[in-house]
Amino acid sequence: MSAVAAARANPLLKSLPPFLTWPHLRFRTICSGRLGFAPSDPDHPVAGTKLLDSFKEEFEIGTSLITLETGKIARFANGAVVLGTGETKVLSTVAASKGDALRDFLPLTVDYQEKQFAQSLIPTTFMRREGAPKERELLCGRLIDRPIRPLFPHGFYHEVQVMASVLSSDGRHDPDVMAANATSAALMLSDIPWGGPIGMIRIGRIDGHFIVNPTMDELSLSDLNLVYACTKEKTLMIDVQAREITEKDLEAGLRMAHPEAVKYLEPQIRLAAKAGKQKKEYQLSMLSQKTLEKVGTLAEANIKAVFTDPSYGKFERGEALENIMQDVKQQLELEGDEESIKILPKAIDTVRKQVVRKRIITEGYRLDGRHLDEVRPIYCEAGHLPILHGSALFNRGDTQVLCTVTLGAPQDAQRLDAIVGPSTKRFMLHYSFPPFCINEVGKRTGLNRREVGHGTLAEKALLAVLPPEDEFKYTVRINSEVMASDGSTSMATVCGGSMALMDAGIPLREHVAGVSVGLVSEVDSTGEITDYRILTDILGLEDHLGDMDFKIAGTRSGITAIQLDIKPAGIPLDIVCESLEAARKGRLQILEHMEREISTPRSKDDRNAPRLASLRYSNDALRRLIGPLGAIRKKIEEETGARLSVSDETLTIVAKNQNVMDKVLEKVDSIIGREITVGGIYKGVVTSIKEYGAFVEFGGGQYGLLHISELSHEPVTRISDLLSIGQQISVMCIEQDVRGNIKLSLKRMSPRSASLEVDAITPEVKVSDFIVSKETSANAQSLSSSDSTQLDAKSVADLLSQAVSTLKDSSTSPDFRIRSVAECDEEEERFKSTSNKLWPSKLKQSQDTCSSSSTFNVVPDVKDETKAKGPISAKNLKLGTTVTAKVHQVRALGLVLDLGGGVRGMYRFKDHGKTDYAVGDELRVTCTSFSSKGIPVMSLENDD
């Protein structure tokens, strides 16, 4: 529409200045209620539609429909593929450098990234964008790197970069396996020389049934997480996390995984035939056969002498090889062979590899003189650092690892930002490989791919034997510090970590040990293996010169973790399965050494052991504890050093030791109090004293009644004799009614010292054979009061069983004492002969008392007192026994005496006698009678 037509259609536009008109502002006119930008030249035609040629392959594996697509995005990459399963899509791209490869190794880099947009989230970081790679991203990168690296041709040293990115995620499928298969397809499409394709599959197991490509929900129920990568005929990589699966079951899982993984190969081949590029001819850095023969002639004999001498250590062997290389270099310089000098280190390494492998194959002996299935000498030490929560030192040969355990609060768990899987992790194992452990100088940087991978392998191995979270709420961190490395430091971490966990008192089901198995093979011209040897517990150099590093960890019951890395372009699955049995035998040898050092979790009863407490409170009470903006909780944590975490109606406290825990509980009780339960013991303060008892404040403002009858096992006349206002005491809650009234007890904090003894009786006895107190003999008196009355066996048994059951039901000592008539008769006869002139009336009273089944209360002659034989107890304390007692308490009317052996007695003050006794005074006293409750009544030796 022209400007004139617009003015006619819209009269208001006539009054606008020219610089405000729609054409001048380069806008279209308002039409159909929409406003849009206009092209710079209205008469120029619009741009054409670009068509993107895309190619797709679809296939099914298990219950999943999988798609491979290329050509739509990342068209400039050397190879780019989008692999999708459900709503999860992963893009993988590859690129290679164009220059010459002036190096002697393959600089392959694999970067895997999970950005938060894949699950429609904004990152929670300060900058609101992703930062350095996370642990999971590094692990997924290693999972892709390990199977594709062996398939690059020998001598291909050009830099290659793989970048895998998650485009979208539905949370049901783990993208790591998808990224590996997408990378294989991208390499097939590129012009980079590569011996693929590969297929990678994940296998789970639920209730004994294997599941192909399980979802995340299925994986959480599975006792097996097997990731398997292979070519059409050979195995390339295995990664396993399991809950003590047997070797037989694992072999069945591996043999099932291979044909399922092969299903990924044919779609990749078809996609490469449609859209793949012609493979480019790259320059390969190969050793010339002439140079290799010359170096072999000069150095082979000396190298063989070094590797056949088991007295050489790791560094001595390295120095000897360095000297050999310098000698060969001098010889080549004399000959002027500059080309051979440039590749001399590679040539020496090749000759060394040939010598070592040939000796192992032909003679069956290894570098250090061990047999093929022999494990290096082992040294174990649990509790190496006693002040820590847990520690262990593990040596296998020259490899040495120090493992420490630290326990923390539940909120110390690691927070994870992964797009799949759990959001937190309560068990962490951090592996550290410092440069000094191999006598080198290096720089400590951030996360290291190798350290993360080794630590995660050991973490998966130990996770299977940890107690469930509902039984053990601590967050656990293991630090593995490699002190010396000569092979299998990750497996040494498993062994040291298991011992450190037991040293920390964590209830592991059993020990976990790990061992690394190697392989040395001979191949023919077609690359097929003609002969091989399996090595148990490989050295670092055997790992470097061998064909595989097969790390296997587990218990006596089964395997918990596996990691297989290889160097050739695949190993037959039969050899892999055969290696499982060799690893089991080596693992059992290591477990024997570990169990001799520590076989059960230590009991951490010392005051330095960490403490964890979970307390239940209402949410309102927890809000009072947290305070405004968490100020009160932060203050408690700063003052005590403890960690407090709050969840729904639950307070969890983690303290460094018991002293810190006591301080925290005291502060929490003072703010919100603890939940009051019958039988619980609480600290409180006496707030008021009444005639019938005392009121005690405890538990953060709650009050309870301490009745006078619950103060002491001894009679109490005045409460003020025992308690005072403001006094701090520990009391036990014995009752809490529906109205919230709380009854407390002080005497139940300490059991009564007196004891009850029931002498053996015959089935038929007389009532007069037992003298009991009035309180407990009512039934007996109602039956008979004379010596001649007979009771049948059933009645006597009922009477005694009633007394014994009363004793058992009481938490303290009984309030009565049963004494036989034989003892009474013995005392009576003695008193008749010695005391008739002194107390005839009392003796007559004593006889009347015995005959009437009342309490025995005879006073003996002080001149014929009986000395106590052996320690005082309720059994050997009799009338007339003289002992040395200590004043236990001073009462208004007498003394409570400690007679020894946990027995208490009483002494009543005489008229106008001495009353100024002090606690701890020693007195010489004689037993003159027993109270109605069986308490000995004592008199002083010098009393008249």
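Data block above holds the structure.
These figures come from a predicted structure and were not determined experimentally.

Cut-offs applied
- Residues numbered from 1 in each chain as written.
- Predicted model: local features only at pLDDT ≥ 70, side-chain atom pairs only at ≥ 80, totals over all residues.
- Heavy atoms only, no water.
- Helix = DSSP H or I, 4+ residues; strand = E, 2+ residues; numbered from the N terminus.
- Contact = heavy atoms within 4.5 Å.
- Areas by Shrake-Rupley, 256 points an atom, 1.4 Å probe, with all protein chains shown as cover.
- 1 Å grid on protein atoms, 1.4 Å probe; cavity = no way out; pocket = protein on both sides within 12 Å on 5 of 7 lines; lining within 4 Å.
- Points joined across faces, edges and corners; volume = space filled by probe spheres on them.
- Nonpolar A, V, L, I, M, F, W, Y, C, P; charged D, E, K, R; others polar.
- Salt bridge = Lys/Arg side-chain N within 4 Å of Asp/Glu carboxyl O.
- Buried < 20%, exposed > 50% of the residue type's maximum accessible area, 1.4 Å probe, protein only.
- Pairing = 2+ DSSP bridges.
- Axes fitted to C-alpha atoms, helices over the stretch in contact; angles between N-to-C directions.
- Parallel < 35°, antiparallel > 145°, perpendicular 65-115°, else oblique.
- Left-handed = near helix turned anticlockwise from the far one by under 90°.
- Disulfide = S-S within 2.5 Å.
- Phe/Tyr/Trp six-rings, centres within 6.5 Å; stacked < 30°, edge-to-face > 60°.
- Lys NZ or Arg CZ within 6 Å of the ring centre and 35° of its normal.
- Patch = residues over 30% accessible without salt bridge, like charges linked within 9 Å, V, L, I, M, F, W, Y side chains within 5 Å.

Here the focus is the overall build of the protein. Scanning the protein from terminus to terminus reveals 21 helices and 37 strands. Put simply, 67% of the contacts in the protein that link residues at least 6 apart link residues at least 24 apart. For the protein, the exposed area adds up to about 48300 Å²; of that, 52% sits on carbon and sulfur atoms.

Another point: empty space enclosed by the protein. All told, the structure shown has five cavities of 30 Å³ or more when counted by the stated rule. Along its surface, the largest cavity is lined by 14 residues, and His-173, Asp-174, Val-177, Met-178 and Asn-213 are the ones closest to its centre. For the lining of the largest cavity, the elements supplying multiple residues, two or more each, are β2 (64–70), β3 (79–85) and α3 (175–189). A per-class count over the lining of the largest cavity returns seven nonpolar, five polar and two charged.

Here the focus is the pattern of salt bridges. In total, this model carries 46 salt bridges according to the counting rule given. With a shortest N-O distance of 3.7 Å, Lys-72 and Glu-69 are connected by a salt bridge. Take Glu-69: its relative accessible area is 19%, and that puts it in the buried class. As a salt-bridge pair, Glu-581 and Arg-584 come within 2.8 Å of each other at their nearest N and O atoms. One end of the pair, Glu-581, and the other, Arg-584, are both in helix α14 (residues 573–597), three residues apart, so they sit about a helical turn from each other. Given the relative accessible area of 34%, Glu-581 is considered partly exposed. What makes Arg-584 partly exposed here is its relative accessible area of 27%.

Another point: the pairing of strand β18 (residues 513–523). For β18, the tally of buried residues reaches nine of 11 residues, placing the bulk of the element in the interior. Pairing between β18 and strand β20 (residues 548–554): seven bridges, direction antiparallel. Bridge assignment links Val-515 to a residue of β20, and that residue is Ile-552. Inspection of the sheet shows β18 paired to strand β19 (residues 529–536) by seven bridges, in the antiparallel sense. Bridging from a neighbouring strand, Val-517 pairs with Thr-536 of β19.

So, about the packing of helix α16 (residues 631–640) against helix α17 (residues 658–671). Relative to each other, α16 and α17 sit at 155°, their axes nearing to 10 Å. One way to sum up the angle between α16 and α17 is to call them roughly antiparallel. Note that α16 runs across α17; the crossing there is right-handed. Contact with α16, carried on its side by Ile-632, Ile-636, Glu-639 and Thr-640, involves Val-660, Lys-663, Val-664, Lys-667 and Ile-671 of α17 and no other residues of that element. Here the contact of α16 with α17 is built from residues that sort into five nonpolar, one polar and three charged.

So, about the state of the cysteines. Following the criterion strictly, the structure yields zero disulfides and no others. Cys-495 supplies the cysteine sulfur nearest to Cys-380, a cysteine that is in no disulfide, at a spacing of 7.4 Å.

With that settled, the discussion passes to the layout of surface pockets. In this structure, the second largest pocket spans a volume of roughly 1800 Å³. In terms of lining residues, the second largest pocket is bounded by 48 residues, among which Gln-241, Pro-422, Lys-425, Glu-459 and Leu-463 are the most central. Elements that contribute at least two residues to the lining of the second largest pocket include exactly α2 (135–148), α4 (216–221), β9 (224–230), β10 (235–245), β14 (414–415), β15 (424–425) and α11 (449–463). It is α2 that contributes the most residues to the lining of the second largest pocket, seven residues altogether. Across the lining of the second largest pocket, the residue classes tally to 19 nonpolar, 10 polar and 19 charged.

Moving on to the side chain of Ser-432. Position of Ser-432 among the secondary structure elements: in strand β16 (residues 427–432). Once residues lying within four places of it in the same chain are set aside, the contact partners of Ser-432 are Arg-444, Glu-451, Ser-480, Glu-481 and Val-482.

Let's shift gears to the pairing of strand β17 (residues 475–484). With seven of its 10 residues buried, β17 lies for the most part within the structure. In the sheet, strand β13 (residues 399–408) pairs with β17 via nine bridges, with the strands oriented antiparallel. Bridge pairing links Leu-402 to Glu-481 in β17. Pairing of β16 with β17, which is carried by six bridges, proceeds in the parallel orientation. When the bridges of β17 are listed, Met-428 appears paired with Arg-477.

Within the fold, Leu-508 resides in the loop between α12 (489–503) and β18. The spatial distance from the C-alpha of Leu-508 to the C-alpha of Pro-601 is 7.1 Å, given a sequence separation of 93 residues. Sequence-distant contacts of Leu-508, that is, excluding residues within four places in its chain, are made with Val-465, Leu-466, Ser-498, Leu-501, Met-502 and Pro-601.

Ordered by their spatial adjacency, six strands build an open sheet running β1-β2-β3-β4-β6-β5, and the pairing between neighbours is mixed. In this open sheet, the two edge strands, each paired with only one partner strand, are β1 (55–61) and β5 (108–113). For this sheet, the mean angle separating the axes of adjacent strands, direction not counted, is 15°. Across the sheet, α2 lies against β5 and β6 (160–168), angled at about 140° from β5, the strand it touches most.

This part takes up the environment of Met-548. The residue Met-548 is located in strand β20 in this model. For Met-548, a relative accessible area of 0% translates into the label buried. Between the C-alpha atoms of Met-548 and Leu-519, which are 29 residues apart in sequence, the distance is 5.5 Å. In this structure, Met-548 is in contact with Val-517, Gly-518, Leu-519, Ile-538, Leu-564, Asp-565, Ile-566, Ile-571 and Ser-579, ignoring residues within four places of it in sequence.

Applying the stated criterion to the full structure yields eight aromatic pairs. Arranged with centres 5.3 Å apart and planes meeting at 90°, the rings of Phe-156 and Tyr-282 form a pair that is edge-to-face. Taken together, the residues span a long stretch of sequence, with Phe-156 in the loop between α2 and β6 and Tyr-282 in the loop between α6 (265–275) and α7 (289–307) at a distance of 126 residues. The two residues Phe-156 and Tyr-282 agree in class, both being buried. Through a chain of ring-to-ring contacts, three or more aromatic side chains come together here, namely Phe-152, Phe-156 and Tyr-282. Sitting over the ring of Tyr-282, Lys-280 keeps its end group 5.2 Å from the ring centre.

Another aspect to go through is the packing of α2 against α11. Axes are the key here: two packed helices are described by the angle between their axes and the distance separating the axes. One can describe the packing of α2 onto α11 by two numbers: an axis separation of 9 Å at closest approach and a directional angle of 90°. Of the possible angle classes, the one that applies to α2 and α11 is roughly perpendicular. When α2 is examined against α11, the residues Glu-135, Leu-138, Leu-139, Gly-141 and Arg-142 are found in contact with a partner set consisting of Arg-449, Arg-450, Val-452, Gly-453, His-454 and Thr-456. Among the residues making up the contact of α2 with α11, the classes are represented as three nonpolar, four polar and four charged.

Below, the discussion takes up unusual backbone geometry. For the bond running from Gly-196 to Pro-197, omega is 10°, close enough to zero to count as cis. In this structure, Pro-197 sits in the loop between α3 and β7 (199–206). Here Ser-488, not a glycine, exhibits a phi torsion of approximately 60°, which is positive.

Judged by side-chain polarity, Leu-385, Ile-387 and Leu-388 come together as a nonpolar surface patch covering roughly 260 Å² of accessible area. When you line up the elements, Leu-388 lands in the loop between β11 (378–382) and β12 (390–396). On the basis of relative accessible area, Leu-388 is assigned to the partly exposed category, the value being 33%.

Let's shift gears to the sheet that holds strand β25 (residues 681–689). Two pairing modes exist for strands in a sheet, parallel and antiparallel, and in both the strands are linked by backbone hydrogen bonds. Taken together, the five strands give a closed barrel; going around it, the order is β25-β26-β27-β29-β28, and neighbouring strands pair in mixed fashion. Geometrically, the sheet is characterised by an average inter-axis angle of 55° between neighbouring strands, direction not taken into account. In terms of strand pairing, strand β26 (residues 693–698) meets strand β27 (residues 702–707) through six bridges, oriented antiparallel. Its bridge partner being in β27, Ala-694 is matched across the sheet by Leu-706.

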